[in-house]
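Chains, contacts and geometry: an overview
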Number of protein chains: 2
Amino acid sequence: MSFLKKIMGGSEPKQNDDYSAYIDLDKFEKDIDSSAGDEPAETYVKIAIFTHFDQITSLKKEIYDGNILIVDISNIKSDERLRNHLFNELKDVVLDVHGDIVGMKDNNILVTPTGIKVDRKKIGGSY
Amino acid sequence: MSFLKKIMGGSEPKQNDDYSAYIDLDKFEKDIDSSAGDEPAETYVKIAIFTHFDQITSLKKEIYDGNILIVDISNIKSDERLRNHLFNELKDVVLDVHGDIVGMKDNNILVTPTGIKVDRKKIGGSY
């Protein structure tokens, strides 16, 4: 299965993913699929769709475990209280482990663990 | 200056960034701003806006240097030849260093260096 389909949860067709919103790297991922899939890594980038209050504990654990999080908060945009709670909890972890947190475009929050920072200068930012 | 403004290139007002598209973490970033800013990191997440062919070399260098790239290809969506060229070049680096590459939502490509992989399972993917 391609990386794309995997990250989109291809095995769970009940999910209401908007396939067209994803970049199709199928052609380019085939070579990597076979080699990368089996190798364990020290650090993982994990993509989270935040919908429930009770996800916060597991998200915090990912950062404590040394993983990087990209948290999509599209689904809770209208819930300011939950959003603020999530941000405060993530901020506390980041302060604790000397990681980093930054707001990205398109309702994504990027959170990094110990040893990884987000560069504030965008590369090629001229339009 | 807040992280948000820094990543948006706040000091370069000529950039045509859509500020409203970014998540405002100002309230939550102040504590981190003072502590995180001064600490060097082993690995950086770098956000790149891809517009020109001649950015490819520097993007490849970032991966070879052990950094993580989030590459926004919105500006070259209509240029299939350039897009394919970029993907092939990034794929070759990823194969070389045993990193990872994945297409994200909203015209972003996530590329990781040695030791860092992208988890194909989304956290909380149920809508």
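Residues numbered from 1 in each chain as written. Chains lettered and ligands numbered in written order. Predicted model: local features only at pLDDT ≥ 70, side-chain atom pairs only at ≥ 80, totals over all residues. Heavy atoms only, no water.

Observations concerning the packing of helix 3 (residues 56-64) of chain B against helix 4 (residues 80-97) of chain B
All names here are of chain B. Following both chains from N to C, one finds helix 3 and helix 4 inclined at 20°, their axes separated by 10 Å at the closest point. In terms of orientation, helix 3 lies roughly parallel with respect to helix 4. Seen along the crossing, helix 3 lies across helix 4 with a hand that is right-handed. Here Ile56, Leu59, Lys60, Ile63 and Tyr64 of helix 3 lie close against helix 4, whose contacting residues are His85, Leu86, Glu89, Val93, Asp96 and Val97. Partitioning the contact of helix 3 with helix 4 into residue classes produces 7 nonpolar, 1 polar and 3 charged. (Axes fitted to C-alpha atoms, helices over the stretch in contact; angles between N-to-C directions. Helix = DSSP H or I, 4+ residues; strand = E, 2+ residues; numbered from the N terminus. Parallel < 35°, antiparallel > 145°, perpendicular 65-115°, else oblique. Left-handed = near helix turned anticlockwise from the far one by under 90°. Contact = heavy atoms within 4.5 Å. Nonpolar A, V, L, I, M, F, W, Y, C, P; charged D, E, K, R; others polar.)

Topic: the environment of Val111(A)
Residues and elements named next belong to chain A. Considering the arrangement of structural elements, one finds valine 111 in strand 4 (residues 108-112). For the pair valine 111 and isoleucine 101, spaced 10 residues apart in sequence, the C-alpha separation works out to 4.5 Å. Those residues in contact with valine 111 that lie beyond four places of it in its chain are Ile63, Asn67, Ile68, Leu69, Leu90, Val94, Asp100 and Ile101.

Comments concerning the sheet that holds strand 4 (residues 108-112) of chain B
Remark on secondary structure: sheet strands pair via backbone hydrogen bonds, oriented parallel or antiparallel. Ordered by their spatial adjacency, 5 strands build an open sheet running 5(A)-1(B)-2(B)-4(B)-3(B), and the pairing between neighbours is mixed. In this open sheet, the two edge strands, each paired with only one partner strand, are strand 5 (116-118) of chain A together with strand 3 (100-103) of chain B. This sheet shows a mean twist of 15° between the axes of neighbouring strands, independent of strand direction. Examined bridge by bridge, strand 5 of chain A and strand 1 (residues 43-49) of chain B share 3 bridges and lie parallel to one another. Counted as the bridge partner of Ile116(A) is Thr43(B) from strand 1 of chain B. (Pairing = 2+ DSSP bridges.)

Thoughts on the pairing of strand 3 of chain B
Residues and elements named next belong to chain B. A two-sided burial pattern is seen for strand 3, the buried positions comprising Asp100 and Val102 on one face and Ile101 and Gly103 on the other. Here strand 3 pairs with strand 4 via 4 bridges, running antiparallel. Directly across from isoleucine 101, in strand 4, lies its bridge partner valine 111. Connecting the antiparallel pair strand 3 and strand 4 is a turn made up of 4 residues, with aspartate 106 showing a positive phi of about 60°. (Buried < 20%, exposed > 50% of the residue type's maximum accessible area, 1.4 Å probe, protein only.)

Looking at the pattern of salt bridges
For the structure shown, the criterion picks out 12 salt bridges over all chains. The residue Asp119(B) makes a salt bridge to Lys46(A) at a minimum N-O spacing of 3.5 Å. One end of the pair, Asp119(B), is in the segment after strand 5 (116-118); the other, Lys46(A), is in strand 1 (residues 43-49), on a second chain. A salt bridge links Lys61(B) to Asp65(B); the nearest nitrogen and oxygen atoms lie 2.7 Å apart. What emerges from the salt-bridge pattern is a single network uniting Lys46(A), Glu62(A) and Asp119(B). (Salt bridge = Lys/Arg side-chain N within 4 Å of Asp/Glu carboxyl O.)

Some thoughts on the environment of Phe87(A)
Residues and elements named next belong to chain A. By secondary structure assignment, the location of phenylalanine 87 is in helix 4 (residues 80-97). Given the relative accessible area of 1%, phenylalanine 87 is considered buried. For the pair phenylalanine 87 and isoleucine 101, spaced 14 residues apart in sequence, the C-alpha to C-alpha distance is 9.2 Å.

A short note on the side chain of Lys117(A)
All names here are of chain A. Mapping lysine 117 onto the fold places it in strand 5. By relative accessible area, which is 5% here, lysine 117 ends up buried. A distance of 3.3 Å separates a polar atom in the side chain of lysine 117 from the backbone oxygen of glycine 99. (Polar contact = N/O pair within 3.5 Å; in protein donor to acceptor, adjacent residues only side chain to side chain.)

What about the side chain of Lys46(A)?
According to the relative accessible area criterion, Lys46(A) is buried, its value standing at 14%. In terms of polar contacts, Lys46(A) uses its side chain to reach the side chain of Glu62(A), at 3.4 Å. Apart from the residues within four sequence positions on either side, Lys46(A) is in contact with Glu62(A), Asn67(A), Ile68(A), Leu69(A), Ile70(A), Asp119(B) and Ile123(B).

Here we look at the sheet that holds strand 1 of chain A
Spatially, 5 strands are ordered 3(A)-4(A)-2(A)-1(A)-5(B) in an open sheet, and the strand pairing comes out mixed. Each edge of the open sheet carries a strand with a single partner, namely strand 3 (100-103) of chain A together with strand 5 of chain B. With strand direction ignored, the average angle separating the axes of adjacent strands in the sheet is 15°. Strands strand 1, strand 2 (68-72) and strand 4 of chain A of the sheet are contacted by helix 3 (residues 56-64) of chain A, whose axis makes an angle of about 150° with strand 2 of chain A.

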